[in-house]
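Residues per chain are reported as follows:
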Amino acid sequence: MDQLRPFRDRIDDLDERILALLGERFDVCREVARFKKANGIPMMQPERNDEVRAHFVELGERHRFPDDFALALFDVVVDWSCRLEDSIIGSRDAETLP
């Protein structure tokens, strides 16, 4: 199984980078939520949700992912992004939330 080590190491590195990028994405979501809260903007923006969904499918196609994979990834990422925004917008002190 040592022959698989180089592949596994590359996968581990890619996983680290993927999660780091998702962490950055959620950091931006926190900023967006704080901006929305400060400016009285509703959390849900249906037209933006549709844009992001279409963008996920487009990116998936560009990277040779099946549409159902791209949409499943969209569902997970956007669901957690919305939960994060909702928790910040719904709190009294948005600065203390993760």
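In this text the structure is predicted, and so the values were computed from the model without any measurement.

Engineer: For this particular structure, what's the right way to read the layout of surface pockets?
Structural biologist: By volume, the largest pocket amounts to about 970 Å³. Lining the largest pocket are 30 residues, with Arg 25, Val 52, Phe 56, Val 77 and Val 78 positioned closest to its centre. At the level of elements, α1 (5–39), α2 (46–62) and α3 (67–89) are the ones that each hand at least two residues to the lining of the largest pocket. No other element matches the 10 residues that α1 contributes to the lining of the largest pocket. Counted by class, the lining of the largest pocket contains 19 nonpolar, six polar and five charged residues.

Engineer: In this structure, what is going on with the packing of α1 against α3? I would like to understand it.
Structural biologist: Between two packed helices, the angle of one axis relative to the other and the distance separating the axes together describe the packing. Between α1 and α3, the least distance of the axes is 9 Å, while the angle of their chain directions is 40 degrees. Classified by the angle their axes make, α1 and α3 are oblique. As α1 runs across α3, the sense of the crossing is right-handed. Contacts between α1 and α3 involve Leu 22, Arg 25, Phe 26, Cys 29, Arg 30, Val 32, Ala 33, Arg 34, Lys 36 and Lys 37 on the former and, on the latter, Val 77, Val 78, Trp 80, Ser 81, Leu 84, Glu 85, Ile 88 and Ile 89.

Engineer: Where do I start with α2 in this structure?
Structural biologist: Counting along an α-helix, one turn takes 3.6 residues, and residues three or four places apart therefore face a common direction. In this model, α2 (17 residues) spans 24 Å end to end at C-alpha, consistent with the 24 Å of a helix rising 1.5 Å per residue. All of the buried residues in α2 are Val 52, Phe 56, Val 57 and Gly 60. Along the axis of α2, the buried positions cluster into a sector of 140 degrees, meaning they face one direction only. Opposite the buried face of α2, at more than 90 degrees from it, the exposed residues are Asp 50 and Arg 62. The first or second residue beyond α2 is Arg 64, which carries a positive phi of 65 degrees.

Calculation rules
Residues numbered from 1 in each chain as written. Predicted model: local features only at pLDDT ≥ 70, side-chain atom pairs only at ≥ 80, totals over all residues. Heavy atoms only, no water. 1 Å grid on protein atoms, 1.4 Å probe; cavity = no way out; pocket = protein on both sides within 12 Å on 5 of 7 lines; lining within 4 Å. Points joined across faces, edges and corners; volume = space filled by probe spheres on them. Helix = DSSP H or I, 4+ residues; strand = E, 2+ residues; numbered from the N terminus. Nonpolar A, V, L, I, M, F, W, Y, C, P; charged D, E, K, R; others polar. Axes fitted to C-alpha atoms, helices over the stretch in contact; angles between N-to-C directions. Parallel < 35°, antiparallel > 145°, perpendicular 65-115°, else oblique. Left-handed = near helix turned anticlockwise from the far one by under 90°. Contact = heavy atoms within 4.5 Å. Expected span 1.5 Å × (residues − 1). Buried < 20%, exposed > 50% of the residue type's maximum accessible area, 1.4 Å probe, protein only. Arc of directions from axis to C-beta.

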